[in-house]
Amino acid sequence: MTSFRLLSRASRRLLKPSHSRSHLSAYQPTTTTSTTTTKPNPKETPLIPFNHRHRWIPSYLDSDLRLVAHISTSSSSNKDDNRVSDDPKAQASWIDAYLPRQARPYAKLARLDKPIGTWLLAWPCMWSVTLAASPGHLPDIKMLTLFGCGALLLRGAGCTVNDLLDRDIDTMVERTKLRPVASGLLTPFKGLCFLGFQLLLGLGILLQLNNYSRVLGASSLLLVFSYPLMKRLTFWPQAYLGLTFNWGALLGWAAIKGSIDPAIVLPLYISGVFWTLVYDTIYAHQDKEDDLKVGVKSTALRFGDSTKEWITGFGILCISSLALSGYNAEIGWPYYALLAVASGQLAWQIWTVDLSSRLDCNGKFVSNKWFGAIICSAILLGRLSS
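Here the residue numbering is sequential within each chain, running from 1 through the sequence in written order. Per-residue local features are limited, in this predicted model, to residues with pLDDT of at least 70; the limit for side-chain atom pairs, both in listing and counting, is 80 or more; totals at the level of whole chains, interfaces and linings are taken over all residues. Calculation of side-chain values draws on the structure's entire complement of heavy atoms; hydrogens and water are dropped beforehand.

1. Focus: the packing of helix α10 (residues 237–245) against helix α12 (residues 262–284)
- Axis definition: a line fitted to C-alpha atoms, over the contacting stretch in the case of helices. Angles run 0 to 180 degrees between N-to-C directions. Secondary structure elements follow DSSP: runs of H or I of four or more residues count as helices, runs of E of two or more count as strands, with numbering from the N terminus. Running from N to C, α10 and α12 point in directions that differ by 135 degrees, and their axes come no closer than 8 Å. In terms of axis orientation, α10 runs oblique to α12. Every pair of crossing elements has a handedness; the one defined by α10 and α12 is right-handed. For the pair α10 and α12, the contacting residues are Gln238, Ala239, Leu241, Gly242, Leu243 and Phe245 in the first and Tyr269, Val273, Thr276, Leu277, Tyr279, Asp280, Thr281 and Ala284 in the second. Angles below 35 degrees are treated as roughly parallel, those above 145 as roughly antiparallel, those between 65 and 115 as roughly perpendicular, and all remaining angles as oblique. Handedness of a crossing follows from how the near helix is turned relative to the far one, being left-handed for an anticlockwise turn of less than a right angle and right-handed for a clockwise one. Whether two residues are in contact is decided by their heavy atoms: any pair within 4.5 Å suffices.

So this is what it looks like as structure tokens:
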């Protein structure tokens, strides 16, 4: 509307008849070619010269049109900045710069250029391994390394399964339409072969754990393979993702102790589930318009305008469960001090997130790697001081 008014005003000025030679000062001649320099005679200058040697532009019209162009460009730029996409052309990464061309689609299928998923999968494992350490001792470095590699492989396998099952849906969602399988860059058969390769490497890591952990770890594959179907069946796929992504909270303790202590491990696992409900509900708000069109479900659609109230409740339950787990593990006071810091980080996410902005939702989602790091530091310092 503003642009239309400016154009209308400029048009009226241009068409308004001039009866005075004082308007000559509003015209700025620009000489395009000249062989000699002569001083023009004002008395002989026509009112509206159309000499082909000069380009006459009304200065007020020029400024109005520049303003219109600036407004149009700014609004278009802001609209583009508010869109978070998986478009490889829009978001070039180290994969495009350093990997061979044949390997790039597979690396993108495993989301190697988006490490936040690996962090979110790895942190509950790190929490559990650190919590299982003896009082006053550092956690087992070998186990931390194994679980870090396992998180990378399992997250990649989960993304591969997700993209294979959702390839028809992904083509209809702006953020995901250029993923390797959905765009046709990789065939489903190649995706399946890559999935088998990732699972084979994951099996190599699992076999280095004790028997109890092997069975417990293998049982998580049922969750991994069934999670992508949940968005078609329930408005709570984020809760199911929480059960899947936080399985390491059970597995890490079992890998050290050879069993699980329900009083310590179950509250830790439950805290991770509520944490996932917070960050993945925020993440789901990026796709809510596309999800409505496609017909898939999410907590973002289930909660609607009440999202912040719901995730505030989940955040409180997450912190409470973490406090209970630490209390049952008889952990030292630094744990509770840093738990308060983590509470502040989670509260900042919930209170400041703009759920109508894809860019802000993605930023808050990514910031959860710091929440996981704070909790891991809290467990480490608490265990060393206990």
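Still to come is the rest of the account.
2. Comments concerning the environment of alanine 122
- The topology assignment puts alanine 122 in helix α5 (residues 116–131).
- Taking the C-alpha atoms as reference, alanine 122 lies 5.9 Å from glycine 148; in sequence the two are 26 residues apart.

3. Topic: the nonpolar core
- Side-chain atoms within 4.5 Å are what join buried Ala, Val, Leu, Ile, Met, Phe, Trp, Tyr and Cys residues into a set we call a nonpolar core. Summary of the burial criterion: residues with accessible area below 20% of their type's maximum are buried, those above 50% are exposed, and those between are partly exposed, where the area comes from a 1.4 Å probe applied to protein chains only. Judged by nonpolar contacts, the single largest core of 67 residues is most densely connected at Trp127, Leu131, Phe147, Trp275, Leu322, Phe371 and Ile375.
- The leading source of residues in this core is α12, at eleven residues.
- Setting aside chain neighbours within four positions, we find leucine 131 in contact with Trp253, Ile264, Leu268, Ser325, Ala329, Ile331, Ile379 and Arg383.
- If you look at the next biggest cluster of nonpolar residues, it comprises six residues, including Leu164, Val181, Leu186 and Phe194.

4. What to know about the environment of threonine 281
- Mapped onto the secondary structure, threonine 281 falls in helix α12.
- For threonine 281, a relative accessible area of 0% gives the class buried.
- Sequence spacing of threonine 281 and serine 298 is 17 residues, and the spatial spacing of their C-alpha atoms is 7.6 Å.
- If we skip the residues at most four places from it in the chain, threonine 281 touches Gln238, Thr276, Thr299, Ala300, Phe303, Thr307 and Ile311.

5. Observations regarding the packing of aromatic side chains
- Between the rings of Phe, Tyr and Trp (Trp by its six-membered ring), a pair exists once the centres lie within 6.5 Å; its type follows the angle of the planes, with under 30 degrees stacked, over 60 edge-to-face, and the other angles tilted. A full pass over the atoms with the stated rule returns 16 aromatic pairs.
- Judged by centre distance (6.0 Å) and plane angle (45 degrees), the ring pair of phenylalanine 303 and phenylalanine 314 falls under tilted. With phenylalanine 303 in helix α14 (residues 299–303) and phenylalanine 314 in helix α15 (residues 307–328), this residue pair connects regions lying eleven residues apart in the sequence.
- Cluster of aromatic residues (ring-pair linked, three or more members): Trp127, Trp275, Tyr279, Tyr283, Phe365 and Phe371.
- Here the basic side chain of lysine 257 rests over the ring of tryptophan 253, its NZ or CZ set 5.5 Å away from the ring centre.
- Criterion for a charge above a ring: Arg CZ or Lys NZ at most 6 Å from the ring centre, at most 35 degrees from the ring normal. For the cation-ring pair, lysine 297 lies above phenylalanine 235, with the distance from its terminal atom to the ring centre recorded as 5.7 Å.

6. Points about the confidence of the model for the protein
- In this model, the protein carries a mean pLDDT of 81, and residues with pLDDT of at least 70 account for 76%.
- When mean pLDDT is taken per element in the protein, α15 scores highest with 97 and strand β1 (residues 27–31) scores lowest with 39.
- When the criterion is pLDDT under 50, residues 1–90 qualifies, and its contacts beyond four places in sequence or with other chains add up to 72 contacts. Confidence scores per residue from the predictor, reported as pLDDT, run from 0 to 100.

7. A word on unusual backbone geometry
- Of note in this structure, arginine 111 is not a glycine but carries a positive phi near 60 degrees.
- When its relative accessible area of 8% is taken as the criterion, arginine 111 is described as buried.
- Here the phi dihedral of glutamate 330 falls at roughly 55 degrees; this positive angle occurs in a residue that is not glycine.

8. Here's the deal with the side chain of arginine 111
- Here arginine 111 lies in the loop between α4 (104–109) and α5.
- If near-sequence neighbours (up to four positions away) are discounted, arginine 111 is found in contact with Arg155, Cys159, Asn162, Asp163 and Arg179.

9. Concerning helix α18 (residues 368–385)
- Look at α18: 26 Å from first C-alpha to last across 18 residues, which is about the 26 Å you get at 1.5 Å a residue.
- For α18, every residue scored as buried is listed here: Asn368, Phe371, Gly372, Ala373, Ile374, Ile375, Cys376, Ala378, Ile379, Gly382 and Arg383.
- Residues of α18 that are buried make contact with α5, α12, α15, α16 (333–352) and α17 (358–366). Here the expected span of a helix is defined as 1.5 Å times the quantity of residues minus one.

10. Things to note about a nonpolar patch on the surface
- Patch building starts from residues that exceed 30% relative accessible area and form no salt bridge, then joins like charges within 9 Å and nonpolar side chains (Val, Leu, Ile, Met, Phe, Trp, Tyr) within 5 Å. Under the convention used here, a 1.4 Å probe and the Shrake-Rupley method define accessible areas, while residue burial counts only the protein chains that appear. By salt bridge we mean one thing: a side-chain nitrogen of Lys or Arg within 4 Å of a carboxyl oxygen of Asp or Glu. A cluster of nonpolar residues, Trp94, Tyr98, Leu112 and Leu152, forms a patch on the protein surface that exposes about 440 Å² of accessible area.
- Turning to its location among the elements, tyrosine 98 is positioned in helix α3 (residues 94–98).

11. Examining the packing of α12 against α17
- In contact at an axis separation of 8 Å, α12 and α17 are set at 160 degrees when each is read in the N-to-C sense. For the element pair α12 / α17, the angle class is roughly antiparallel. Crossing handedness for the pair α12 and α17: left-handed. Of α17, the residues touching α12 (which contributes Tyr279, Ile282 and Tyr283) are Cys361, Asn362, Lys364 and Phe365.
- Among the residues forming the contact of α12 with α17, the class breakdown is five nonpolar, one polar and one charged. Here the term charged refers only to Asp, Glu, Lys and Arg, the term nonpolar to Ala, Val, Leu, Ile, Met, Phe, Trp, Tyr, Cys and Pro, and the term polar to all other amino acids, Gly among them.

12. Quick look at the pattern of salt bridges
- Enumeration according to the criterion identifies eight salt bridges in this entry.
- Of the charged contacts in the structure, one is a salt bridge between arginine 179 and aspartate 163, with a shortest N-O distance of 3.6 Å. With arginine 179 in the loop between α7 (167–170) and α8 (188–206) and aspartate 163 in helix α6 (residues 141–165), this pair connects stretches of sequence that are 16 residues apart.
- The salt bridge partner of arginine 179 is aspartate 170, with a shortest N-O separation of 3.9 Å.
- What makes aspartate 170 buried here is its relative accessible area of 6%.
- Taken together, the shared-partner salt bridges in this structure form one network comprising Arg111, Asp163, Asp170 and Arg179.

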